[in-house]
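Residue strings, one per chain:
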Amino acid sequence: MTPQRRPSLRARLLAATLATVLAAVGVTLVVAGALVRRSVERAALRVLERDAAQLALRLQVDPTGLPPAALVRLLAARGERAAVFPLPLPPGVPLGPRDREAVVGGEPASGRAHWQGRDLLFAAHPLPGRVALVVRPARLGWGDWRPYVGALAAAGLAGLALASGASPLLARAIARPVGRVAEAARR
């Protein structure tokens, strides 16, 4: 029976270095995803703010006081809902006390709200005697992440390519002196 040959020190160092680098790239992507999530949510809020301002502008020129059907359909296609509420705001409007105060004072407000067991993102735009409100689920979907995924993937691939190129050099640089010491010890 022939003894099995163990991988060389260089091969083991290369494997260990690659495994460490892959783990580091994975952790980096997870942390970057968590950090980017805040940016994705802020971008979604900016869209809601723009939509609420657009709704308020349309309501100012429309004498009926109802949200325009075409705009409501457009918002619904993006998972958003529009509503108009009179001032003072009724109790069921999903705004916190500070946001209510801002809107009543004539300032736009946006953020997160919890309403009827659901987490929402909202933007409210004041009008004379009423408030235009646009809401959507707080859960971020693929459409929200799409602009960022390419950059995260490119960063991960660049890190992986750099690590793949540097790992053999690092393994060789470590294995050479260690191999010399081992050879000297054998002699």
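Keep in mind that what you see is a predicted model, and the values were worked out from it rather than measured.

## With respect to the nonpolar core
Turning to step 1, where the next piece is worked out: Of all hydrophobic cores here, the largest spans 20 residues; its most connected members are L48, L55, L121, A132 and V134.
Turning to step 2, where the next piece is worked out: Elements that contribute at least two residues to this core include exactly α1 (9–61), α2 (69–77), β3 (118–127), β4 (130–137) and α4 (142–186).
Turning to step 3, where the next piece is worked out: Excluding anything up to four places from it in sequence, L121 contacts E41, A44, L45, L48, G111, R112, V134, V135, R136, P137 and A138.
Turning to step 4, where the next piece is worked out: Counting residues in each nonpolar core, the second largest holds 11 residues, with V93, L95, F122 and L133 among its members.

## So, a nonpolar patch on the surface
Turning to step 1, where the next piece is worked out: Together, L9, L170, I174 and V178 give the surface a local cluster of nonpolar side chains, amounting to about 290 Å² of exposed area.
Turning to step 2, where the next piece is worked out: When residues in the nonpolar patch are grouped by element, the largest group, 3 residues, is from α4.
Turning to step 3, where the next piece is worked out: Structurally, L170 is set in helix α4.

## Topic: the pairing of β4
Turning to step 1, where the next piece is worked out: Judged by how many residues are buried, β4 sits mostly within the fold: 6 of 8 residues are covered.
Turning to step 2, where the next piece is worked out: By the bridge criterion, 6 bridges tie strand β1 (residues 81–86) to β4 in an arrangement that is antiparallel. Within β4, the position partnered with R81 by the bridge is V135.
Turning to step 3, where the next piece is worked out: Note: β3 against β4, 8 bridges, orientation antiparallel.

## Thoughts on the sheet that holds β1
Turning to step 1, where the next piece is worked out: As summarised here, the arrangement of the 4 strands in space is β1-β4-β3-β2, forming an open sheet in which the pairing is antiparallel. Only two strands of the sheet have a single partner each, and these edge strands are β1 and β2 (109–115). The mean angle between the axes of side-by-side strands here comes to 30°, regardless of whether they run parallel or antiparallel.

## Overview of the pattern of salt bridges
Turning to step 1, where the next piece is worked out: For the coordinates displayed, the defined rule picks out 5 salt bridges.
Turning to step 2, where the next piece is worked out: Where R37 meets E41, a salt bridge forms, and the shortest distance between an N and an O atom there is 3.4 Å. Residue R37 and its partner E41 are located together in helix α1, separated by 4 residues, close to a single helical turn.
Turning to step 3, where the next piece is worked out: Residue classification places R37 among the partly exposed positions, given a relative accessible area of 35%.

## Quick word on the side chain of E41
Turning to step 1, where the next piece is worked out: In this structure E41 comes out as buried when scored by relative accessible area, which is 14%.
Turning to step 2, where the next piece is worked out: At a separation of 2.9 Å, a polar atom in the side chain of E41 contacts the side chain of R112.
Turning to step 3, where the next piece is worked out: If near-sequence neighbours (up to four positions away) are discounted, E41 is found in contact with R112, L121 and L140.

Conventions used here
- Residues numbered from 1 in each chain as written.
- Predicted model: local features only at pLDDT ≥ 70, side-chain atom pairs only at ≥ 80, totals over all residues.
- Heavy atoms only, no water.
- Core = buried A, V, L, I, M, F, W, Y, C linked by side-chain atoms within 4.5 Å.
- Buried < 20%, exposed > 50% of the residue type's maximum accessible area, 1.4 Å probe, protein only.
- Helix = DSSP H or I, 4+ residues; strand = E, 2+ residues; numbered from the N terminus.
- Contact = heavy atoms within 4.5 Å.
- Patch = residues over 30% accessible without salt bridge, like charges linked within 9 Å, V, L, I, M, F, W, Y side chains within 5 Å.
- Areas by Shrake-Rupley, 256 points an atom, 1.4 Å probe, with all protein chains shown as cover.
- Salt bridge = Lys/Arg side-chain N within 4 Å of Asp/Glu carboxyl O.
- Pairing = 2+ DSSP bridges.
- Axes fitted to C-alpha atoms, helices over the stretch in contact; angles between N-to-C directions.
- Polar contact = N/O pair within 3.5 Å; in protein donor to acceptor, adjacent residues only side chain to side chain.

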